[in-house]
Amino acid sequence: MSNSAHIRPAPAASAHDGRHTSTSVRSLPAWAAPVALGAVLVLAAVLYGWALGSLGWANSYYSAAVKSMGKSWTNFLFGSFDPAGVVTVDKPPAALWPQVISSKIFGMHGWALILPQVLEGVAGVLVLHRTVRRWAGEGAALIAAVVLTLTPITVAINRDNNPDTLLVLLLVSAAYALTRALQADGRAATWWLCASGFLIGCGFLTKMLAAWMVVPAFALAWLVGGSGPWIPRVRRLLGAGAVLAASSLWWVAMVALWPGDRPYIGGSTDGSAWDLVIGYNGLGRVFGSSDGAPQGMGGSGGGFAGGFGGQAGLGRLFGAQVGGQISWLLPVCALALAVAVAGVVLRRRGVLPDSAVLPASGWLLWGTWLVVCGAVFSSQKGIFHPYYTTQLAPAIAALCGGLTAALVRIHRAGLRWAPLVGAAAVVVSVAWAVKLVRRAPDWNGWLVWLVLLVGCAAVVLLVLARRRVRLLTVAVCAAVASVLLAPGAWAVTVPGSTSMGGSNPMAGPQTLGFPGGGGMPRQGSNGGGLPSGLPSGMPSGLPSGMPSGLPSGMPSNMPGLPGGGTSSGQTAEPPSGGMSSGMPTGGANGMPGAPGEAGSNNRGTPSFPGAGSGGAPGGGGGFGNGELTADQRKIIQYAVEHAPGARIKLAVEGGALNASAFILGTDQTVIGMGGFTNSDNAPSVAQLEKWTKNGELRYILGSGTNGGGMPGLAGGYTKQRSDWIADHCTKVPASAYGGTSGTSSQNNGGGAMGFGGGNVLYDCATK
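Conventions we followed
Residues numbered from 1 in each chain as written. Predicted model: local features only at pLDDT ≥ 70, side-chain atom pairs only at ≥ 80, totals over all residues. Heavy atoms only, no water. Helix = DSSP H or I, 4+ residues; strand = E, 2+ residues; numbered from the N terminus. Buried < 20%, exposed > 50% of the residue type's maximum accessible area, 1.4 Å probe, protein only. Contact = heavy atoms within 4.5 Å. Areas by Shrake-Rupley, 256 points an atom, 1.4 Å probe, with all protein chains shown as cover. Core = buried A, V, L, I, M, F, W, Y, C linked by side-chain atoms within 4.5 Å. Pairing = 2+ DSSP bridges. Axes fitted to C-alpha atoms, helices over the stretch in contact; angles between N-to-C directions. Salt bridge = Lys/Arg side-chain N within 4 Å of Asp/Glu carboxyl O. Expected span 1.5 Å × (residues − 1). Arc of directions from axis to C-beta.

Draft legend 1. Local environment of the overall build of the protein chain. Of the regular secondary structure elements, the protein chain holds 26 helices and five strands. The burial tally for the protein chain puts 62% of its 767 residues in the buried class. Long-range contacts, defined here as pairs at least 24 residues apart, represent 73% of the contacts in the protein chain between residues at least 6 apart. With an accessible surface of roughly 26100 Å², the protein chain has 62% of that area assigned to carbon and sulfur atoms.

The following block contains the structure:
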């Protein structure tokens, strides 16, 4: 282990590092750094927390689950979506636990669920600062904190209640623990390394295998920069790996070994957590199998799933859908890694002293983090959303801070080319920023000229700083401002309210006429456009509601659709039924998406982003505003009055998407059958028979098509339930509860419950 690899606590100020002390700059006052950090944290709090009340329920799928989880400890432990504990959300529950606690303290309000996300986001900025400070010094740490704060997609996701915010905080905390381990020796190093593994395991409990993507970076950094001989170093790493496995898999084991009744694990094919880990939330996301996205609808990075994040490939992170969210500083990161390699070479040749080179383990940690996660996101053929890339933000921020610190140290060591490298970084970053801004010239197009002006000024100052040392601090500040100006503009324009219902949060301009950039890109736009998997008959611009008929170009062999191919691992599921003649329009102006993520279930149909809250009367799923319509209120009131003793007042066909409004808008026990996309075997037909026989359930809100469910998508377990409803239940006339017969489906295609009809109330005690 070389001294250059082992991380030493970076000094707060180093005025005499290197061989040429005449190039040093005056240290800042002692109070400057804490004040600057405080200002960054306040900025983060404002960006993440302003106008929380206008965000409504954010992602109402998760919001409904939070309310249900507060009903019992079993619901809390498993992450049950519904109050009855029938089916869970499609993720582990850890990210929702803070939201449940907040709702118990402040009451069940939308802002109370997002408040923990804001606090977690600000904490992530603070922890990243402390981590980078130990590696590269105070200046680098402040730059890293500012970069993370102003990353557009990070601002967007921190104003939502998806799991990614807590995931980032836990991973950055794990990086802090690893950095402490790299600075320690003996038992202290072991404890910090195990703490790092434990925190990554906690990240697994928020988003499963997404947390493990950073493990190669942590392992490599430790092996290169850890203390002690190789064999003890490897032994400590294996011990930390055991802690990682235990902290990751205890919940999976608990689900498998639970002795009593528990909810069905949503998104799985057999109700087990392990299937969810390996399938839908695991390999299916990477390889595009039917467990991660239907092959005909998102496989190979295209189709509907590709519409949210562009085609899989090297250009995805720079494409129209993702580029403005995360890619602003990726060219700078590439240059940072090149400078890191050059620094090592120059040190070995004796050109640079050890003090002028940042420890290699830090470069390996953040560089490998960025490369591995970026490679997975770029090649991911399953469901992919731009907000996943917030996991790249800490690595980008740390590398930018590290580049600045490295160039300053090299300059102080007497190598006059360092400011020129900084100028090159500004030129590349500004050029890419101009490219991104010009993709939507009608949206703050004036930024191009401002970015160019500040960038030119920064380049001039950096060139002059080669000879005029006093200009170095001003030049560095100008350079930082020039590269953060455009992404900062994206960050501050994250909307105070969203028509997406929190399902696909994004920053920046509209991409297809949907506020907040939460939609698909325009056809012909750089890096994407409507994905190639969409049929030729699909309109180029989506109106407020989906077309009433299925486009003629839609492939007939889509897995999960009637007549389509079967999903892997689902051979026990009954064969699908036939394709109906028309595709229903989307509830709340959108088709249902990936469980809680506006994507697609392995057996369902993906949603279109940009769905507003004012569409179909359902309006309450992942895209809706979580508010009950007048007809919905009449339906639930009728069910409660006519079945006062029923444990489950109403079962809603069409999945969790259509039950969210009932759960959020009432205190009654309402369940969404089939999990998020109505395709899980929860409840099973046997459970329905038992419930209705025992008087635990009487009323089901379904569709007039084939007895219930999603017309055109009724297959497998969905068809089993639909057939059972048709055979064992009787339709309740709309006049019985004061509703308007047929109005919902004719006007909005969503029925009283949203997608897939749902305008028919069934009585299962009269037949």
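Draft legend 2. Seen up close, the nonpolar core. By size, the foremost hydrophobic cluster in this structure holds 189 residues, and its most contacted members are Phe218, Trp366, Trp369, Ile396 and Leu650. Ignoring any residue separated from it by four or fewer positions in sequence, one finds tryptophan 366 in contact with Leu128, Thr131, Trp135, Ala175, Pro394, Ala395, Ala398 and Leu399. Tyr264, Ala651, Tyr762 and Cys764 belong to the second largest nonpolar core, which has 18 residues in total.

Draft legend 3. The sheet that holds strand β5 (residues 760-763), seen in detail. Spatially, five strands are ordered β2-β1-β3-β5-β4 in an open sheet, and the strand pairing comes out mixed. The open sheet has two edge strands with one neighbour each: β2 (670-672) and β4 (730-732). In this sheet, neighbouring strand axes are inclined to one another by 30° on average, regardless of whether the strands run parallel or antiparallel. Where strand β1 (residues 650-652) and β2 come together, three bridges link them in parallel fashion. Residue valine 652 lies in a different strand from β2, and its bridge partner there is glycine 672. Helix α21 (residues 630-642) contacts β1, β2, β3 (699-702), β4 and β5 of the sheet and is inclined by roughly 160° relative to β3.

Draft legend 4. How the structure looks around the pattern of salt bridges. Counted according to the given criterion, the structure contains nine salt bridges. Of the charged contacts in the structure, one is a salt bridge between lysine 91 and aspartate 90, with a shortest N-O distance of 3.1 Å. Comparing lysine 91 with aspartate 90 shows no difference in burial state: the two are buried. Close ionic contact of arginine 347 with aspartate 354 constitutes a salt bridge, the shortest N to O distance being 3.5 Å. The partly exposed category is assigned to aspartate 354, whose relative accessible area is 38%.

Draft legend 5. How the structure looks around helix α1 (residues 32-49). With 18 residues, α1 should reach 26 Å at 1.5 Å per residue; the first-to-last C-alpha distance of 25 Å fits that figure. Buried within α1 are the following residues: Ala32, Leu37, Val40, Leu41, Ala44, Leu47 and Tyr48. Taken end-on, α1 shows its buried residues confined to a sector of 165°, consistent with a single buried face. Projecting away from the buried face of α1 at angles above 90 degrees are the exposed residues Pro34 and Val42. Those residues of α1 that are buried lie in contact with α5 (110-136), α6 (138-149), α7 (152-158) and α20 (472-492). Where α1 ends, the next residue or the one after it, alanine 51, has phi of about 50°, a positive value.

Draft legend 6. A look at the environment of alanine 686. Within the secondary structure, alanine 686 is located in helix α23 (residues 685-694). Classification of alanine 686 as exposed rests on a relative accessible area of 53%. Along the chain, alanine 686 and tryptophan 724 lie 38 residues apart, while their C-alpha atoms are 9.9 Å from each other.

Function cannot be inferred from these measures alone, as they are strictly geometric.
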